[in-house]
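Breakdown of the fold
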Amino acid sequence: MPRVVYLGDAVSAAGYRLAGATVRTPGPGEAGQALAWALGQASLVLISAELAGQLDEALLRRAQLALQPLLLVVPDLIGGAAAPDLAARLRAQLGME
């Protein structure tokens, strides 16, 4: 079982592959299938922000809230989409912003 799986663009995937991760670069409409595969394979799933944006919000939320495997949305190398600002989101939810 691979320990780390990266889902995202081919350029970023090349770097993650060099770091030892198993990578998938899903085509259009394949994001949900790729995520389901990765969740069954890894203890850590890294997904690009652009690919995460293609997923159903409820599906992504369930995957993020699950205890195993850990799912992290990472910034895109190409800059197509920014990763969510979790600190700002927490401040807003706590009424600090």
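Look up a bit, the structure's there.
Computed from a prediction, not measured in an experiment: that's the story for all the values here.

Rules of the game
Residues numbered from 1 in each chain as written. Predicted model: local features only at pLDDT ≥ 70, side-chain atom pairs only at ≥ 80, totals over all residues. Heavy atoms only, no water. Core = buried A, V, L, I, M, F, W, Y, C linked by side-chain atoms within 4.5 Å. Buried < 20%, exposed > 50% of the residue type's maximum accessible area, 1.4 Å probe, protein only. Helix = DSSP H or I, 4+ residues; strand = E, 2+ residues; numbered from the N terminus. Contact = heavy atoms within 4.5 Å. Pairing = 2+ DSSP bridges. Axes fitted to C-alpha atoms, helices over the stretch in contact; angles between N-to-C directions.

Here's the deal with the nonpolar core
Ranked by internal contacts, the top residues of the largest apolar core, which has 17 residues, are Leu7, Leu35, Val45, Ile47, Leu55 and Leu71. Elements with a minimum of two residues in this core: strand S1 (4–7), helix H2 (31–41), strand S3 (44–48), helix H3 (49–53), helix H4 (57–65) and strand S4 (70–74). Examining the composition of this core, we find that four residues originate from one element, H2, more than from any other. Once residues within four sequence positions are removed from consideration, Leu71 is found in contact with Leu35, Val45, Ile47, Leu60, Ala63 and Gln64. Judged by nonpolar contacts, the second largest core, of five residues, contains Tyr6, Val23, Leu46 and Val74.

Quick notes on the side chain of Ser12
Tracing the chain through its elements places Ser12 in helix H1 (residues 10–18). Overall, Ser12 belongs to the buried group, its relative accessible area being 7%. Excluding anything up to four places from it in sequence, Ser12 contacts Tyr6 and Leu77.

Remarks on the sheet that holds S1
In spatial order, the strands read S2-S1-S3-S4; together these four strands make up an open sheet with parallel pairing. Across the chains shown, the open sheet's two edge strands, defined by having one partner strand only, are strand S2 (22–24) and S4. Neighbour-to-neighbour, the strand axes of the sheet open up by a mean angle of 20 degrees, direction not taken into account. Across three bridges, S1 lies against S2 in parallel orientation. Note on S2: the bridge partner recorded for Tyr6 is Val23. Taken strand by strand, H2 contacts S1, S2, S3 and S4, and its axis lies near 170 degrees from that of S1.

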